[in-house]
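Overview (structure and organization)
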Amino acid sequence: MSKQRIKGWQDKTERVQNISTDQVSANTQTETTTTPKSKIGRRGFLIGATSAGFTMAFLPAALMTSTKSYGVERGSFEPTVWYSINPLGEITVNIAEAEMGQHIGTSLARIVAEELEADWKDVRLNYVDNEARYGYRVTGGSWSVWQNFDLLSRAGAAGRKALIEEGADLLGVSPLKCHARRSRVISGDKSVSYQEIVKKGDLSRRYSADDLADLQIKKPSQRNLIGADTQALDIPDKTRGTAVYGIDASYDGMVYAKPIVPPTRYDSRVLNVDDSGAKAVSGYRQTLQLEDPSGTVPGWALVIADSFHAALKAEKLIKVTWSNGPAVNVSEADILQHGRDLIEAGKGSTVVDDIFDGKTVSELMFDADDVIRAEYTTSTVLHFQLEPVNAIGLERNGMWELHAGNQWQSLSMPVYAKALGVKEEQIIMRTYLLGGGFGRRLNGDYGVPALLAAKALGKPVKVVFSREDDSRFDSPRSASVQSLAMGFNDNKKVVAFTHAAAAGWPSEVMADFFLGEGKNGEKFDPFSINGANHWYSLGAHQVTAVSNDLANRTFRPGWLRSVGPGWTNWALESFIDEAANRVNVDPIMFRLQHLSSRGKNAGSYPNSVGGARRLAAVLKRASKLSNWGKKLPDSTGMGVATTFGQERDMPTWCACVAQVHVDRSSGKVTVQKLTLVLDAGAIVHPDGALAQTEGAAMWGLSMALHEGTRFNNGQVVDTNLDTYTPLRMADIPEMEIEFVDSNYQSVGLGEPATTVVGPAIGNAIFQAVGVRMRDLPIRATGLKDALASLEKKSQAGSDSNQVV
């Protein structure tokens, strides 16, 4: 029986808790109802109708000026189609984001349906394949709702406008006397359904980018669907078992392949394959050595068989000899020490370098009356999604197809083209549901062996990774080491703060176009340092991002849910508590003292209106909800942490209070309760928002106390659930989750709670037993040793006092 309880969410009509936003400055309140200009750019908009239905599509500007007809005709398929209405009145919303349990299809469809004035029962979802007409494809960073809200709102508004005009014509009235509601155009006591309009009306309309930008979309007070509770549309099929994931896919005539993963991610080369023992296995065909021009799978061999079971059985009997790369001798300790050495040598990119009172960080640290310093580390973390990575590769009618779940098709396509030696236009990715993504499937490397094998064998090949293969071939969250320092003047006022973080950089290895340039001219991966550019006012501020090149050479660092803030916020929020303790100020009060909406922390329209003041608001609310400061039993404590999510330009304001109990004899930490308050702007799908926050918080807890691995001899040592031990259901605490009732810009919810729970737990441990833990995950053995060390120091101090 789960111990979980979400207070305040039992009544479906009150899913989103109300918090007054009066404390956010009045001059920013009025901005929330202003309709911003669309950022659609050089694109046009088309509405058309045929016997096949009513279709909406964004068209590239070049097509808008072309003499070629791109009207919607029978059998045609318009580029970048967002939704369609067929003659049955069914409204199909095309979803270009990956569905991996976050119910993104429902959220995006709600945005369209809201402005379209659609009856929700008419709405269907269609997860589209990867084709150029759908534009750039990536699902990650908590971007999906944030990036699509305005675009899809205008798509819906344009459709509503066209339907009202045609509906008015059919009713014989002026469009000014009509309005739309629940898939009908209404004028007084007369009405016509969208279905009838599609069948009888003339729906050819063309809108320019400027037309779209000028469309009036609803004010928050006019919304009917956004913010109202509904069941996610993907749940019924998943409940019935009819949902199709990548691992469920099959293709006529295909064979199965299981990887034989080499000892190192890079530089391995097959010297010899002995499959004599496997030839007796029924269904075994051969062992295929891959030649990969893309360099994605060097030193790989695939066991080819008629079934995955046969491939799995045969693989155990095959002996492969490799020549290995230098990473074969690398350990986790080596990676951390190398990061430490790089920080001490002053390497890295200066991402933030703010002065205070006309002085630099160095000058203020030198003059400081008191300086505290600390080092924080995090271990390697695996994605360990429920569905191991898999893919089917095949060639059909001169086109290559890859059937797989994927989060970043646009990043993967050039790699596949290089591996096959063809143009990207000759490859299409077929879309499936993802049995968990969490950033693992942003890297589509697992598609390469399927395509190479299909090319070599001339038939469809389904590559399925075992759990151990998936773990060894993962793009894990890099281990990190961080150095922080804070200077105080003689009045105990913070005057300077420095934060340097070293880790493997995913963007440097896989998406270098994302790299930014620091103040010192050095490149940095924003996704590996986000979070350190916080919203506190702490005097002169310097942030340094350091690429751990040894990590980059040993494995392929990946984007794991929240990416950089998974380690930067752990160090930052723990160190903020250390600072509060140093000056003997309550941890929440210390934070509030340094959350001021001035200067760079004032925020900006439309994404971060209110700035640090909104972070202070959720912190105050979390303090009240958790009854902060109440008397607690022995060895029990409360800790607090905040986060703004992943990026300053789309902050999700979040505060967490954790209550924990520490068993002093064993070092075991029991999280008794988590209280989270979030301001994510307007909540589109409340039940989805709750599910996202629950899942994020639980993974944050898992990575804080249960989950992590290490490298040894170039490989992770934990490859299955016998030794890799994520959170279990029995460890789930009571949770109280509350969302601010807000009309501000909708931002993301997939990641913020992941990063705030760990430091809240660490800070609660300190309050409970006086031990500061600086390494994640916090293991019971480590805490027990720290308690023993603290006891020895206490006894030594006591003995010394007695002698004196």
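Residues numbered from 1 in each chain as written. Predicted model: local features only at pLDDT ≥ 70, side-chain atom pairs only at ≥ 80, totals over all residues. Heavy atoms only, no water.

Describing the sheet that holds strand E26 (residues 636-643)
Taken together, the four strands give an open sheet; going across it, the order is E26-E27-E28-E31, and neighbouring strands pair in mixed fashion. Edge strands, defined here as strands with exactly one partner in the open sheet, are E26 and strand E31 (734-739). The mean inter-strand angle of the sheet, taken between neighbouring strand axes irrespective of direction, is 15 degrees. In the sheet, strand E27 (residues 653-662) pairs with strand E28 (residues 669-679) via ten bridges, with the strands oriented antiparallel. Counterpart to Cys654 in the pairing with E28 is Leu678. Sheet contacts for helix H18 (residues 612-625): E26, E27, E28 and E31; angle to E27, the most-contacted strand, approximately 35 degrees. Against the sheet, helix H19 (residues 686-705) contacts E28 and E31, and its axis sits at roughly 135 degrees relative to E31. (Pairing = 2+ DSSP bridges. Helix = DSSP H or I, 4+ residues; strand = E, 2+ residues; numbered from the N terminus. Axes fitted to C-alpha atoms, helices over the stretch in contact; angles between N-to-C directions. Contact = heavy atoms within 4.5 Å.)

Concerning the pattern of salt bridges
Going through the model one piece at a time under the given rule, you end up with 36 salt bridges. A salt bridge links Glu114 to Lys218; the nearest nitrogen and oxygen atoms lie 2.6 Å apart. Taken together, the residues span a long stretch of sequence, with Glu114 in helix H3 (residues 104-116) and Lys218 in the loop between helix H6 (209-214) and helix H7 (235-240) at a distance of 104 residues. Classification of Lys218 by relative accessible area gives buried; the value is 10%. Between Lys161 and Glu165 there is a salt bridge, with its nearest N and O atoms 2.9 Å apart. Taken together, the residues Lys161 and Glu165, both in helix H4 (residues 144-171) and four residues apart, mark about one turn of the helix. Residue Glu165 is classed as partly exposed on the basis of its relative accessible area, which comes to 25%. One network of salt bridges, with partners in common, ties together Glu114, Glu117, Arg181 and Lys218. (Salt bridge = Lys/Arg side-chain N within 4 Å of Asp/Glu carboxyl O. Buried < 20%, exposed > 50% of the residue type's maximum accessible area, 1.4 Å probe, protein only.)

Considering the state of the cysteines
Within the structure shown, the criterion is met by zero disulfides. Distance from the sulfur of Cys654, which forms no disulfide, to the nearest cysteine sulfur (Cys656) is 6.7 Å. Assessed through its relative accessible area of 0%, Cys654 is described here as buried. (Disulfide = S-S within 2.5 Å.)

Quick look at the sheet that holds strand E12 (residues 284-289)
Read across the open sheet, the seven strands follow the order E12-E13-E10-E20-E17-E18-E19; overall the sheet is mixed. Looking at which strands have only one partner, the edges of the open sheet turn out to be E12 and strand E19 (427-430). Between one strand axis and the next, the sheet turns through 25 degrees on average, direction left out of account. Where strand E18 (residues 399-403) and E19 come together, four bridges link them in parallel fashion. Bridge assignment links His403 to a residue of E19, and that residue is Arg430. Most of the contacts of helix H8 (residues 308-315) go to strand E10 (residues 255-260), to which it runs at about 30 degrees, and overall it touches E10, E12, strand E13 (301-305) and strand E20 (461-464). Each of E18 and E19 is contacted by helix H11 (residues 409-420), which is oriented at about 130 degrees to E19, the strand it contacts most.

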